[in-house]
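Close look at the chain arrangement
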Amino acid sequence: MTNHIDLGTVLRQTLSANLYSNLVTRSTGRAVRTQIELLVSSSANRVLTVIDFAHVSMIDFSCADEVIAKLLQSFAPDREAYFVFRGMTDDHWHAVESVLERHGLALVVEADTGIELMGVLDEREQRAWQAMKRRGRAAAWELAGDMGEPEPTVRLALDRMWQRRLIMRHEGAYMPVGEIA
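Remember, it's a predicted structure, so these values are computed and weren't measured experimentally.

A word on the overall build of the protein. Within the protein, the regular secondary structure consists of seven helices and nine strands. With respect to the three principal axes, the spread of C-alpha positions in the protein is 55 × 30 × 25 Å. The burial tally for the protein puts 50% of its 181 residues in the buried class. Of the contacts formed within the protein by residues at least 6 apart in sequence, a portion of 68% connects residues at least 24 apart. When the accessible surface of the protein is summed, it comes to about 8,500 Å², and 50% of that surface belongs to carbon and sulfur atoms.

The next point concerns the pattern of salt bridges. Throughout the structure, instances matching the rule amount to 20 salt bridges. Between Glu-66 and Arg-30 there is a salt bridge, and its shortest N-O distance comes to 3.8 Å. Here Arg-30 lies in helix α2 (residues 26-41) and Glu-66 lies in helix α3 (residues 61-75), a separation of 36 residues in the sequence. You can call Glu-66 buried: its relative accessible area is 0%. Between Asp-146 and Arg-135 there is a salt bridge whose closest N-O contact spans 2.7 Å. With Asp-146 in helix α6 (residues 140-147) and Arg-135 in helix α5 (residues 123-135), this residue pair connects regions lying eleven residues apart in the sequence.

Next up on the list: unusual backbone geometry. Positive phi, close to 60°, is recorded for Arg-165, a residue that is not glycine. Tracing the backbone shows Arg-165 in the loop between α7 (151-163) and β8 (167-170). According to the relative accessible area criterion, Arg-165 is buried, its value standing at 6%. In this model, Glu-171 sits at a positive phi of 50°, which is unusual for a non-glycine residue. The topology assignment puts Glu-171 in the loop between β8 and β9 (173-176). Take Glu-171: its relative accessible area is 67%, and that puts it in the exposed class.

The subject of this paragraph is the pairing of β9. Alternating residues of β9 divide into Ala-173 and Met-175 and Tyr-174 and Pro-176, and every residue in both groups is buried. Between β8 and the antiparallel strand that follows it, β9, lie two residues; Glu-171 among them carries a positive phi value of about 50°.

The rules behind each value
- Residues numbered from 1 in each chain as written.
- Predicted model: local features only at pLDDT ≥ 70, side-chain atom pairs only at ≥ 80, totals over all residues.
- Heavy atoms only, no water.
- Helix = DSSP H or I, 4+ residues; strand = E, 2+ residues; numbered from the N terminus.
- Buried < 20%, exposed > 50% of the residue type's maximum accessible area, 1.4 Å probe, protein only.
- Contact = heavy atoms within 4.5 Å.
- Areas by Shrake-Rupley, 256 points an atom, 1.4 Å probe, with all protein chains shown as cover.
- Salt bridge = Lys/Arg side-chain N within 4 Å of Asp/Glu carboxyl O.
- Pairing = 2+ DSSP bridges.

Right, dumping it as structure tokens:
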């Protein structure tokens, strides 16, 4: 199942303000995150949610912490809730990047260049992601061959990425989350 959440719409509904398009203050972020969590929780056990920033002018650090960090932390590892963030601009990225670094998180972003991982990733995770993007859905042994590394080492990195909900796992293979958005 795939959900699409326009943050601008959620923000306006949550605050009952038609012209408000800035995600600022911790309480605003908490209210928006709560609405997103309700939608995701009412969905199937495996759900992909696209969170669209296109109608949000700016996000401050406290809102980024509430909406992004706490959202990413709230579903893993007990539920297969995957997120793709769309429509992020440089105006959003400064606060989001800071929050990801502080919490050691990463997320899937739909950019002009395609689906990318942003945030805190080790070198092996970055290489596995690039190999997976080139190949598409693949088993750990296939990606290990592409990377020139032992399969158990690559599988460990892939499983860490899956636990962080950066990639999907299905029938013994791994695939980028964003490929199905």
